[in-house]
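Close look at the chain arrangement
Listed below, chain by chain, are the residues.
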Amino acid sequence: MKEAAFYNGKVGEASEMCVPFLERTNFFGDAVYDVTYALDYGLFAVGEHVERLFAGARRVGIEPPLARCELIEQVRKVVRMCDTGDLMVYMQFSGGAGRREHVRRTNASVWIYCFPKKIEDPDKKYKLITAPDIRYGLCGVKTINLLPNVLAANAADSVGADECILCAGEIVNECAHSNVSILKEGQLVASPARGKILDGISMRRLIAACSELGVAVSRRTFTLEELKGADEVIVTSSGVPCTAAERVDGIRVGGRDGRTLARLKDMLYRQFRLACAMDRG
């Protein structure tokens, strides 16, 4: 299959799959999701991503209809159905299908979607723009209510940028679909994950890499002015282990601590390849 999909036991080519009209995702966006990547059919940190998916489901009151190990096994089956092994791997629990009413009276649904996509080229330098953070109050949960993120991502794309930084006034939160952190005077500064931003798995690994390499870490909020004056601006997400930004709103940023950046990038990309190789067995 070019793009494989799973919905409540049914498997097929994603473009040919159908879901019920009464799915609660259609009316309410009543679902949580998570995303990882596969390299040559080996999954990256699948246990961490599945754990975060289950935690999100608990947070919004969705009862997953299968255990963690069962979901992981099903994900592996869907991944192996694809023609190529470098994939984005999407997992979702929804509130299920039933009459359109706000109160859930349905059993949860399980979605899996895999399609060809490679992780970011480590040598790429991002161009970023900024926008006000107009999202709602559950930013620490990966729900599918992503219209503000879609608007921000499209705004970036319309001017040839790669991502959009979402700011609350002068405070940097995160990007439309990535975390953002900075290097300043040999220290990594990353916003704390306290519900206002996603607790990014790649961000966790960046922080762990800093610890291994002797790079100090400060988990605190930082301003857009600090970001523009940082030695390096770093973007991370499931498919972006560690990538630097070179421009924000057309202004050149970073480029002043390439040595630390290169060490972090080398470790994180090597860890990604190793984790996927170990998952393949």
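So, here's what we can say about the structure. (Residues numbered from 1 in each chain as written. Predicted model: local features only at pLDDT ≥ 70, side-chain atom pairs only at ≥ 80, totals over all residues. Heavy atoms only, no water.)

A count of helices and strands for the protein gives seven helices and 15 strands. In summary, the protein has a C-alpha radius of gyration of 19 Å against a globular reference of 19 Å for 281 residues, a match within 12%. Along the three orthogonal principal directions, the C-alpha set of the protein runs to about 55 × 45 × 30 Å. The buried share among the 281 residues of the protein stands at 50%. Contacts in the protein between residues at least 24 apart in sequence constitute 73% of all its contacts with a sequence separation of at least 6. Looking at the protein as shown, the accessible area adds up to about 13,200 Å², and 53% of this sits on carbon and sulfur atoms. (Helix = DSSP H or I, 4+ residues; strand = E, 2+ residues; numbered from the N terminus. Rg over C-alpha atoms; globule rule 2.2 N^0.38 Å. Buried < 20%, exposed > 50% of the residue type's maximum accessible area, 1.4 Å probe, protein only. Contact = heavy atoms within 4.5 Å. Areas by Shrake-Rupley, 256 points an atom, 1.4 Å probe, with all protein chains shown as cover.)

Here the focus is the pattern of salt bridges. Taken as a whole and assessed by the stated rule, the structure comprises 20 salt bridges. Close ionic contact of Glu174 with Arg135 constitutes a salt bridge, the shortest N to O distance being 2.7 Å. Here Glu174 is found in strand β9 (residues 171-175), whereas its partner Arg135 is found in the loop between β7 (125-132) and α4 (147-158), with 39 residues between them in sequence. In this pair, the class of Glu174 matches that of Arg135, namely buried. Between Arg220 and Glu226 there is a salt bridge, and its shortest N-O distance comes to 2.9 Å. Take Arg220: its relative accessible area is 32%, and that puts it in the partly exposed class. Overlapping salt bridges bring together Glu48, Asp199, Arg204 and Arg205 as one network. (Salt bridge = Lys/Arg side-chain N within 4 Å of Asp/Glu carboxyl O.)

Let us now look at the packing of helix α5 (residues 201-213) against helix α7 (residues 258-280). Relative orientation of the contacting elements α5 and α7 amounts to 120 degrees, with a least axis distance of 10 Å. The orientation of α5 with respect to α7, classified from their angle, is oblique. The two elements α5 and α7 meet at a crossing, and its hand is right-handed. Contact with α5, carried on its side by Arg205, Leu206, Ala209, Cys210, Glu212 and Leu213, involves Arg263, Leu264, Met267, Leu268 and Gln271 of α7 and no other residues of that element. Broken down by class, the residue content of the contact of α5 with α7 amounts to seven nonpolar, one polar and three charged. (Axes fitted to C-alpha atoms, helices over the stretch in contact; angles between N-to-C directions. Parallel < 35°, antiparallel > 145°, perpendicular 65-115°, else oblique. Left-handed = near helix turned anticlockwise from the far one by under 90°. Nonpolar A, V, L, I, M, F, W, Y, C, P; charged D, E, K, R; others polar.)

Three- or four-residue spacings in an α-helix give side chains the same orientation, since the helix completes a turn every 3.6 residues. Between its first and last C-alpha atoms α4 spans 16 Å; for 12 residues at 1.5 Å apiece the expected length is 16 Å, and the two agree. Gly160 sits one or two positions beyond α4 and adopts a positive phi of about 80 degrees. (Expected span 1.5 Å × (residues − 1).)

This part takes up a nonpolar patch on the surface. A contiguous nonpolar surface patch, about 400 Å² in accessible area, is contributed by Ile134, Leu147, Val150 and Leu151. Structurally, the position occupied by Leu147 is in helix α4. (Patch = residues over 30% accessible without salt bridge, like charges linked within 9 Å, V, L, I, M, F, W, Y side chains within 5 Å.)

This part is about the layout of surface pockets. The gaps of empty space that remain are located by a probe, the size of a water molecule, rolled over the atoms. When its volume is computed, the largest pocket comes out at roughly 940 Å³. Residue lining of the largest pocket: 41 residues in total, with Tyr33, Lys142, Ala176, His177 and Ser178 positioned closest to the centre. Listed by contribution, the elements that provide at least two residues to the lining of the largest pocket are β3 (31-39), α2 (46-60), α4, β9, α5 and β13 (232-237). The computed volume of the second largest pocket comes to approximately 240 Å³. Around the second largest pocket, the lining residues are Ala5, Phe6, Tyr7, Ala14, Met17, Val19, Met88, Tyr90, Trp111, Ile112, Tyr113 and Phe115. In terms of residue count, strand β6 (residues 109-116) provides more of the lining of the second largest pocket than any other element does, four residues in total. Across the lining of the second largest pocket, the residue classes tally to 12 nonpolar, no polar and no charged. (1 Å grid on protein atoms, 1.4 Å probe; cavity = no way out; pocket = protein on both sides within 12 Å on 5 of 7 lines; lining within 4 Å. Points joined across faces, edges and corners; volume = space filled by probe spheres on them.)

Between its first and last C-alpha, helix α3 (residues 68-80) extends 19 Å over 13 residues, near the 18 Å set by a 1.5 Å rise per residue. Among the structural elements, β1 (4-7), β3, β4 (42-43), α2, β5 (87-94) and β6 are those in contact with the buried residues of α3.

To continue, consider empty space enclosed by the protein. Within the structure shown, the criterion is met by one cavity of 30 Å³ or more. There is about 50 Å³ of room inside the largest cavity. Lining the largest cavity we find Phe44, Ser202, Arg205, Pro241, Leu268, Gln271 and Phe272. When contributions to the lining of the largest cavity are tallied by element, the ones reaching two or more residues are α5 and α7.

For the rest of this paragraph, the subject is the packing of α2 against α5. Following both chains from N to C, one finds α2 and α5 inclined at 130 degrees, their axes separated by 11 Å at the closest point. If you check the angle between α2 and α5, you find them oblique. The residues of α5 that touch α2, namely those facing Glu48, His49 and Arg52, are Ile201, Arg204 and Arg205. Along the lines of polarity and charge, the residues of the contact of α2 with α5 split into one nonpolar, one polar and four charged.

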